Amino acid sequence: MIVVDIQIKDVSLFQTVTQKFLKKNVYIKKDKIYHISNIEEETIIANTIIDGQGLFMLPGLIDSHMHIESSMCTPENFSDAVLPFGVTTVIADAHEIGNVFGNEGLDYFMSAKTELDIFHAIPSSVPSTTPSLETTGGIIGLGEVETLLRNPNVICLGEAMNFKGISYDRESLIAQIIRLVQEKRPTMPLEGHCPKIQGTELSDFLYSGISSDHTHQFPESLKERIENGVFVQLQAKSLTKENIAVIKENNFYEYVSIVTDDIMADELLDGHLDVNLRKAVACGLPIEKAIYMTTYTPARRMSLNDRGIIAPGKLADFILLDDLETFNIKTVYKNGRKVYGTDIGKQDKKEYDYAYYPSHYFDTLSTRKLTLDDVTLKVETDLEKVRCQVIRKFEVGTFTEPITKEIPVIGGCLDWETADCSLLIVMERYGKNRNISYSLVEKPIDSKGAIGTTWAHDHHNIMIMGNTKQDLLKVQHELLDIKGGYCVSLNNDIIGSCPLPLGGIISTAPISILGLKVKEIRQSMRQLGYKNMNEIMSFSTLSLPVSPAIKVTDMGMLDTKTQEFYSLIHEEDGTLLNANTY
């Protein structure tokens, strides 16, 4: 007789090979699937027997492209949050903590003990461009990459974002990193970030060896990428009826997975990868294909050959559903052990001691409080109005575009407060150079107020934006008082504040608490009139210099494709006199 730990009787098992549900008996021994049978095996005795009548059994979900720091929480709290939603494995690109602390911060992050399996990507873009375009707290160069390559928990090169450096400069840092990875671990997947790139430019990018993309997709880009051998990872904004139709019409299921990329802490209160799975189904993807693209295709992409399928010898990571149509999760097992069910629940289960982080990790803002003089833009000109380069943001996605507006000049100062614009300031906060840059954004908010954050992709310097001087100062001072995070001011009164003291980007609070604080920020931004499908990500990526088309760093407004800086005021109209350092 053979003794196993668990038998699940008469379960409707998702058979990955056929992508169909079949009635089976499943036997689990220790942390792996032992046997699958059409009948009850008389020679196998189970210590625990589960009646699977009416339940659907499928592999644990695998998120092959995500960033834990986007949830603003620690790996431990993230693990507790997502396991109840059926997520049992993630591949995390911790380039946010890398941008703040470099490899030292990565070591702390990667050493976290979690029930969730967290594999890691090498942050390939720290900084996302170059130190000549943005200032970061940490830099990951060839030496740091070589160290990370020796870590068996590191399984891919994280999203490579510097298009110009990858495609046209063989001596750029990112090009050297790619060659190093190909030399040391030639079968390691190379992940890419290549929005709005097509034709020969796409070929130039792929020629480097990069073979995936997770950025915002449209039917034409999706088809072109897959036909050119790109493995496409669909995040929420790419899950549209039009994109799903392309996948179905061309039978592209093998070349796509569903991912989260960035999920805010308030969103984690209600779901994770399971939400995107449901969205894909709502857009026309058959449920069986959605399961396949959140289990097997991501496992195969990342060479995680011990999971993504329920079969003998594979890890016993699985979900039991009581309703397939709504994807209602009844129970989650990780390594053959129940981690979520009616007797465990979704509540935060543990309190963690974060004393293992150095104390200075909780005090990282090396800046001074701004004064009224800092937000008064002095101009040298004889004109009553000057033409200014202005950023226009969109209400969907994170793309922007450059426009020109005439701004009045009164008393030698740019009168931006009456010009239907907000002033956007980015301050270097690591104490390296004290850079400060000034930009204008076309009417991002309706009410008098300001928004501020240190969670500014990817350099995470201080970024504040507002349409009154007093509100700008209010949020900047609040950020320094709470040692980093997010805050919103309305009529010179703080209406939302979310402290992120660990590196200025992470809270140690459980999701049940942090999620409510983030929700408060989102609601406060809406109260100001900030419009976007994801307000927080939209604002935070105004500082991301690899996202089209015009973004801001501590060094100025940047054309993210040419990597050339714009002048705030057209040179023939006048000169901004404010110093570029504080």
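Above this text is the structure in question.
Definitions and cut-offs
- Residues numbered from 1 in each chain as written.
- Predicted model: local features only at pLDDT ≥ 70, side-chain atom pairs only at ≥ 80, totals over all residues.
- Heavy atoms only, no water.
- Pairing = 2+ DSSP bridges.
- Helix = DSSP H or I, 4+ residues; strand = E, 2+ residues; numbered from the N terminus.
- Contact = heavy atoms within 4.5 Å.
- Axes fitted to C-alpha atoms, helices over the stretch in contact; angles between N-to-C directions.
- Salt bridge = Lys/Arg side-chain N within 4 Å of Asp/Glu carboxyl O.
- Buried < 20%, exposed > 50% of the residue type's maximum accessible area, 1.4 Å probe, protein only.
- Core = buried A, V, L, I, M, F, W, Y, C linked by side-chain atoms within 4.5 Å.
- Left-handed = near helix turned anticlockwise from the far one by under 90°.
- Nonpolar A, V, L, I, M, F, W, Y, C, P; charged D, E, K, R; others polar.
- Patch = residues over 30% accessible without salt bridge, like charges linked within 9 Å, V, L, I, M, F, W, Y side chains within 5 Å.
- Areas by Shrake-Rupley, 256 points an atom, 1.4 Å probe, with all protein chains shown as cover.
- Expected span 1.5 Å × (residues − 1).
- Arc of directions from axis to C-beta.
- Right-handed = clockwise from strand over helix to strand, strands pointing away.

Novice: Can you break down the sheet that holds strand 11 (residues 212–213) residue by residue, with the values?
Specialist: Here three strands make up an open sheet; going across it, the order is 11-12-13 and the pairing parallel. Where the open sheet ends on each side, the last strands, each with one partner, are strand 11 and strand 13 (256–258). Bridging between strand 12 (residues 231–234) and strand 13 involves three bridges; their strand directions are parallel. Of the residues in strand 13, the one forming a bridge with Val 232 is Val 256. The sheet contacts of helix 8 (residues 219–227) involve strand 11, strand 12 and strand 13, and relative to strand 12 the element is tilted by about 145°.

Novice: Outline the sheet that holds strand 6 (residues 61–66), supporting the account with residue identities and numerical values.
Specialist: Ordered by their spatial adjacency, five strands build an open sheet running 6-7-8-9-10, and the pairing between neighbours is parallel. Lying at the two open borders of the sheet, with one neighbouring strand each, are strand 6 and strand 10 (190–192). Within this sheet the neighbouring strands show an average axis-to-axis angle of 30°, counted without direction. Relative to strand 10, strand 9 (residues 154–160) runs parallel, the two being bridged by two bridges. Among the inter-strand pairings, Ala 160 is bridged to a residue of strand 10, identified as Gly 192. Along the sheet face, helix 10 (residues 273–282) touches strand 6 and strand 7 (87–93) and points at about 100° away from the line of strand 6.

Novice: I'd like to hear about the pattern of salt bridges, residue by residue, with values.
Specialist: By the definition in use, this model includes 28 salt bridges. Note that Arg 300 is salt-bridged to Glu 254, the shortest N-O span being 2.7 Å. You can see Arg 300 sitting in helix 12 (residues 296–301) and its partner Glu 254 sitting in the loop between helix 9 (241–250) and strand 13, a full 46 residues away along the chain. The exposure class assigned to Arg 300 is partly exposed, which follows from its relative accessible area of 36%. Glu 254 sits in the partly exposed class, given a relative accessible area of 28%. Where Lys 531 meets Asp 446, a salt bridge forms, and the shortest distance between an N and an O atom there is 3.0 Å. Of the two residues, Lys 531 is situated in the loop between helix 14 (511–528) and helix 15 (535–540) and Asp 446 in the loop between strand 22 (436–442) and strand 23 (449–453); the sequence distance between them amounts to 85 residues. The class of Lys 531 is partly exposed, set by a relative accessible area of 39%. A single salt-bridge network, built from bridges that share partners, covers Asp 117, Asp 306, Arg 307, Asp 317 and Lys 334.

Novice: Go over the nonpolar core, please, and point to the residues and values.
Specialist: Ranked by internal contacts, the top residues of the largest apolar core, which has 161 residues, are Leu 414, Leu 440, Ile 451, Tyr 486 and Phe 539. Beyond its immediate stretch of four places on either side in the chain, Phe 539 contacts Leu 424, Ile 451, Gly 452, Thr 453, Met 463, Met 465, Tyr 486, Met 525 and Tyr 530. Listed in part, the 15 residues of the second largest apolar core include Val 11, Ile 50, Ala 316 and Phe 318.

Novice: Can you lay out the packing of helix 8 against helix 9 for me, pointing to particular residues and giving the numbers?
Specialist: Between helix 8 and helix 9, the shortest axis-to-axis distance is 9 Å and the interhelical angle comes to 35°. Helix 9 is crossed by helix 8, and the crossing has right-handed handedness. Residues Pro 219, Leu 222 and Lys 223 of helix 8 lie in contact with helix 9, whose contacting residues are Glu 242, Asn 243, Val 246, Ile 247 and Asn 250. Partitioned by chemical class, the residues of the contact of helix 8 with helix 9 number four nonpolar, two polar and two charged.

Novice: An account of the pairing of strand 2 (residues 20–29) is needed here, citing residue identities and associated values.
Specialist: Pairing of strand 1 (residues 2–15) with strand 2, which is carried by eight bridges, proceeds in the antiparallel orientation. Each bridged residue has a counterpart across the sheet, and for Val 11 the counterpart in strand 2 is Lys 24. Adjacent in sequence and paired antiparallel, strand 1 and strand 2 are bridged by four residues, among which Gln 19 carries a positive phi angle near 55°.

Novice: Give a detailed account of the environment of Gly 574, specifying residues and quantitative values.
Specialist: Its place among the elements puts Gly 574 in the loop between strand 29 (564–566) and strand 30 (575–576). For Gly 574, a relative accessible area of 11% puts it in the buried group. Along the primary structure Gly 574 and Lys 24 are separated by 550 residues, whereas in three dimensions their C-alpha atoms are 76 Å apart. Beyond its immediate stretch of four places on either side in the chain, Gly 574 contacts Glu 380, Thr 381 and Ile 569.

Novice: Outline a nonpolar patch on the surface, listing residues and values.
Specialist: A surface patch of nonpolar side chains, about 310 Å² in accessible area, is lined by Met 1, Val 3 and Ile 45. Residue position: Ile 45 is located in strand 4 (residues 44–51). On the accessibility criterion, Ile 45 (40% relative accessible area) is partly exposed.

Novice: Got a sec to walk through helix 6 (residues 173–184)? Specific residues and values, please.
Specialist: Since one α-helical turn is 3.6 residues long, residues separated by three or four positions face the same way. Spanning twelve residues, helix 6 covers 16 Å between terminal C-alpha atoms, matching the ideal 16 Å at 1.5 Å per step. Among the residues of helix 6, Ile 174, Ala 175, Ile 177, Ile 178, Leu 180 and Val 181 are the ones counted as buried. Close packing links the buried residues of helix 6 with helix 4 (142–149), strand 9, helix 5 (163–168) and strand 10.

Novice: Provide a residue-level description of helix 10, including the pertinent values.
Specialist: Those residues of helix 10 lying buried are Leu 273, Asp 274, Asn 276, Leu 277 and Ala 280. One side of helix 10 holds all its buried residues, which, seen down the axis, span an arc of 160°. Along its buried surface, helix 10 packs onto strand 6, strand 7, helix 9, strand 13 and helix 11 (287–292). Once helix 10 ends, the next one or two residues include Gly 284, with phi positive near 110°.

Novice: Give me the pairing of strand 7: which residues, what numbers.
Specialist: The buried fraction of strand 7 is high, at seven of seven residues. Note that strand 6 and strand 7 share four bridges and pair parallel. Opposite Leu 61, over in strand 7, you have Val 87 as the bridge partner. Taken together, strand 6, helix 1 (residues 75–82) and strand 7 constitute a β-α-β crossover, and its handedness is right-handed. Where strand 7 lies against strand 8 (residues 117–122), five bridges are found, and the strand directions are parallel. Counted as the bridge partner of Thr 89 is Asp 117 from strand 8.

Novice: Which residues make up unusual backbone geometry, and what are the values?
Specialist: Across the junction of Val 126 and Pro 127, the peptide omega takes the value 5°, indicating a cis bond. Within the secondary structure, Pro 127 sits in the loop between strand 8 and helix 4. Look at Gln 19: it is not a glycine, yet its phi comes out positive at around 55°. With respect to the element layout, Gln 19 can be found in the loop between strand 1 and strand 2. The phi angle at Asn 491 is positive, at roughly 50°, despite the residue not being glycine. As for its placement among the helices and strands, Asn 491 is situated in the loop between strand 25 (485–490) and strand 26 (493–499). A relative accessible area of 54% means that Asn 491 is categorised as exposed.

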